[in-house]
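# Structural description and commentary
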Amino acid sequence: MKPSPIISLTTDFGSKDWFVGTMKGVILGINPSALPVDICHEIAPGDIRAGAFTLAASCRFFPSGSVHLAVIDPGVGSARGMIAVKTADYVFVGPDNGVLSWALRQERIQSLHSLENKTYFLDGLSQTFHGRDIFAPVAAHLTRGIPIEDLGPRRKDFTRIAWPRLRRHRGGIQGEVVYVDRFGNAITNLDAGSVSTRTQSGAQVVVNNKWICPLAACYSAVPAGAAVAVLGSSGFLEIAINSGSAAMQFGIRPGDAVNLR
Amino acid sequence: MKPSPIISLTTDFGSKDWFVGTMKGVILGINPSALPVDICHEIAPGDIRAGAFTLAASCRFFPSGSVHLAVIDPGVGSARGMIAVKTADYVFVGPDNGVLSWALRQERIQSLHSLENKTYFLDGLSQTFHGRDIFAPVAAHLTRGIPIEDLGPRRKDFTRIAWPRLRRHRGGIQGEVVYVDRFGNAITNLDAGSVSTRTQSGAQVVVNNKWICPLAACYSAVPAGAAVAVLGSSGFLEIAINSGSAAMQFGIRPGDAVNLR
Amino acid sequence: MKPSPIISLTTDFGSKDWFVGTMKGVILGINPSALPVDICHEIAPGDIRAGAFTLAASCRFFPSGSVHLAVIDPGVGSARGMIAVKTADYVFVGPDNGVLSWALRQERIQSLHSLENKTYFLDGLSQTFHGRDIFAPVAAHLTRGIPIEDLGPRRKDFTRIAWPRLRRHRGGIQGEVVYVDRFGNAITNLDAGSVSTRTQSGAQVVVNNKWICPLAACYSAVPAGAAVAVLGSSGFLEIAINSGSAAMQFGIRPGDAVNLR
């Protein structure tokens, strides 16, 4: 893995304030050649699962060597851990609360360290904005090529959020909604493997035991306003309404049951 | 036209999810020296006209050689075309649904090609996110200097959205509202030519045959809370309220009639 | 102070339209090596105080040499002044309406100039978008190393917004809420000096003479849903609710009284 100047940023800091811009200022002060790239800052405050899904859906589209920084950190300032995880292609940095764990399901982990070496933190550390004072500087130093071992002691494990399981039953598979995107598309945990074996046979998708939609290849395979289930760009089945919002029309939320039969 | 690393991005992908950041990851993976620049990602989902106006209002302020990428693409995954259009100063890339057409009204077109060469697409193409899988990689390859001819066969024409016509009548000109911005300013299709000949003679602007405002040089030429019509920065007459929102106060929407008399 | 390619951007232009992207296009046309960095564009339209606080809270985290551009400019096109201010570490550029003044409280001013030299403006100046036509090009030229003296005549003074005063009274200090962030945290003008002397002695914070919260080191020092006052990352006391919104729950707004006793 060659180093890259890229630092991807996934946070719940929003765009209303100066938080993200300040992190970029800190990064560029430490490495003027670093290249911060926003993935998303509109994760709902403290929504670790949404942050985890966002990072997992996007991280592998970045060049090898990129540093992926995720700061959804409701426990900021408490004794919660902070970690850096080196994989075959990337270094992931964030609080140890599970926000990195869904991205790491796809990765081959090479080493795992606690962030404890204050040499790589800002002076005058606050207790409320470790994105600026710890995570941004650590990521910037990583793009300068410091070895991950320098950040702190090696750890054996990190916090995982359970990925919801699929349940096979007579005539189908049951999954659930994991994420709802801005278009109102409801992304499930039913993956390409589950879906592909059923697409030939007139399969149906049933949401919350109530709403039925056909499987199709793209949103516009059905008329505008009609519901459709497609294998989406994250590699998972998603429930959509062509030119509409499935989440709004069906009231779908994360955790809702989705049956493929 | 010398090549430029700049890729401007105009989409309806919003900021709530990972879509735009993922496109940037793809771009930087193909050309580490590329420079993605956000124009706007908050176009209402599928609003091709708003996307077309946004691109037309901004593209000429970018350096010569820039690639302008616009992805408002409700037909993603269907048989709709995808195009690259080379003009004297830029290359425009997007779906062939009219989103590029208002920007191209201002440009001298040199060549027009379909995007069909899969060499320049991501492997494992999805049917729902061509912004990531086709448009971003094509734009990135263009900044590396590939000739537009390599992208696919030459085409004769592309889809245009009709630009709303001005109607001259006794004592004036009638246009319409084309776009409403975040300040609630209602931008019309009445251009500098129509406006300039009337500014000397105590002209009035009438919105929806009801609301009357004076022509003036800037918003603050009238008291706070008062309506005013000014020649705006896009080169068109706009209806505004000094320190307020004309769209909210008058309920103005795209398509509403505006008379200059 | 060595020059830097960085131009920080703080505006009320929002993300719904093309305004910020167009400024970046202009900047990169003048200096292809310039590095625009967004601080915030979601300042409420015309809210000079929020813009002033945002810039003051973030500017010192940028590398020395950065140009800080702030465009909250309700008087655009009127006779209001425009200024560039060189300090020990930065150059600040914006309208002379106070938006720069809270950042400048922290800085040692070296020189102050009016923006009057049209050589550094765009041709075909609009009366409604000086962010694009004046401020962006001036900032870009500054990153190319032009001396600030070239921008226009030296000035003696600039417009200041009064920073709200602390009032010492029997048994405590009274300040006020200055800014409410996206998390609903209410940031006050009670600074580290005022706070630190009281943290040992069981101090309490009283908001609007009604809501009482304990002082603590971090948000999660109290149970989820409970109120807490912490010394925040901007160096000021802030009122928060762990995993909630103090602004929503208590109805706090800028100007509300906060007593530390």
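Look a little higher up for the structure.
Cut-offs applied
- Residues numbered from 1 in each chain as written.
- Chains lettered and ligands numbered in written order.
- Predicted model: local features only at pLDDT ≥ 70, side-chain atom pairs only at ≥ 80, totals over all residues.
- Heavy atoms only, no water.
- Contact = heavy atoms within 4.5 Å.
- Buried area = accessible area lost by both parts, 1.4 Å probe.
- Salt bridge = Lys/Arg side-chain N within 4 Å of Asp/Glu carboxyl O.
- Polar contact = N/O pair within 3.5 Å; in protein donor to acceptor, adjacent residues only side chain to side chain.
- Helix = DSSP H or I, 4+ residues; strand = E, 2+ residues; numbered from the N terminus.
- Least-squares fit on C-alpha atoms with pLDDT ≥ 70 in both.
- Buried < 20%, exposed > 50% of the residue type's maximum accessible area, 1.4 Å probe, protein only.
- Pairing = 2+ DSSP bridges.
- Axes fitted to C-alpha atoms, helices over the stretch in contact; angles between N-to-C directions.
- Parallel < 35°, antiparallel > 145°, perpendicular 65-115°, else oblique.
- Left-handed = near helix turned anticlockwise from the far one by under 90°.
- Expected span 1.5 Å × (residues − 1).

## Focus on the interface of chain B and chain C
With 29 residues of chain B at the interface, the matching set in chain C holds 30 residues. Both sides of the chain B and chain C interface together cover about 2,300 Å² of buried area, and 63% of this is carbon and sulfur. Its largest share of buried area at the contact with chain C, chain B owes to Phe 61, Arg 182 and Ser 233 of chain B, together 31% of the area lost on that side. Inspection of the chain B/chain C interface yields one salt bridge. A salt bridge links Arg 182 of chain B to Glu 42 of chain C; the shortest N-O distance between them is 3.5 Å. Across the chain B-chain C interface, the total number found is nine residue pairs in polar contact (both at pLDDT 80 or more). Put simply, the parts of the chain that give the side of chain B that touches chain C at least two residues each are β2 (35–40), α2 (48–58), β8 (172–180) and β12 (227–231) of chain B.

## Description of the relation of the copies chain B and chain C
Superposition record for chain B on chain C: RMSD 0.0 Å, screw rotation 120°, translation along axis 0.0 Å. The relationship between the two copies is best expressed as a three-fold rotation axis. Taking the C-alpha atom as reference, chain B places Ser 15 of chain B closest to the rotation axis, 5.3 Å from it. Little of the interface of chain B is mirrored in chain C, where only 3% of its interface residues again form contacts.

## A short note on the pairing of strand β8 (residues 172–180) of chain A
Each regular strand shows side chains that alternate between the opposite faces of the sheet. Residues and elements named next belong to chain A. Judged by how many residues are buried, β8 sits mostly within the fold: eight of nine residues are covered. Pairing geometry for strand β7 (residues 167–169) and β8, over three bridges, is antiparallel. Each residue of the ladder has a partner; that of Arg 168, found in β8, is Ile 173. Counted between consecutive antiparallel strands, the loop separating β7 from β8 contains two residues, among which Gly 171 sits at a positive phi close to 80°. Both β8 and strand β14 (residues 257–260) contribute to a ladder of four bridges, which runs antiparallel. In the sheet register, Glu 176 faces β14, and the bridge partner there is Ala 257. Pairing of β8 with strand β9 (residues 186–191), which is carried by three bridges, proceeds in the antiparallel orientation. Looking at the pairing, Val 180 lines up with Ala 186 of β9.

## Observations concerning the relation of the copies chain A and chain B
With an RMSD of 0.0 Å, the fit of chain A onto chain B corresponds to turning through 120° and sliding 0.0 Å along the axis. Of the interface residues in chain A, just 3% have counterparts in chain B that sit at the interface too, so the contact is made through distinct surfaces.

## Here's the deal with the packing of helix α1 (residues 19–30) of chain B against helix α4 (residues 130–143) of chain B
Residues and elements named next belong to chain B. Two elements in contact, α1 and α4, have axes whose closest approach is 9 Å; the angle formed by their N-to-C orientations is 40°. When the interaxial angle is binned, α1 and α4 end up oblique. For the pair α1 and α4, the sense of crossing is right-handed. Taken together, the residues of α4 that come into contact with α1 (itself represented by Thr 22, Met 23, Val 26, Ile 27 and Ile 30) are Gly 131, Arg 132, Ala 136, Pro 137, Ala 140 and His 141.

## As for helix α4 (residues 130–143) of chain A
Residues spaced three or four apart along an α-helix face the same direction, because each turn holds 3.6 residues. All names here are of chain A. End to end, α4 covers 18 Å across 14 residues, agreeing with the expected 20 Å (1.5 Å per residue, within 8%). With 14 of 14 residues buried, α4 lies mostly within the body of the structure. Remark: Gly 145 follows α4 within two positions and exhibits a positive phi of approximately 100°.

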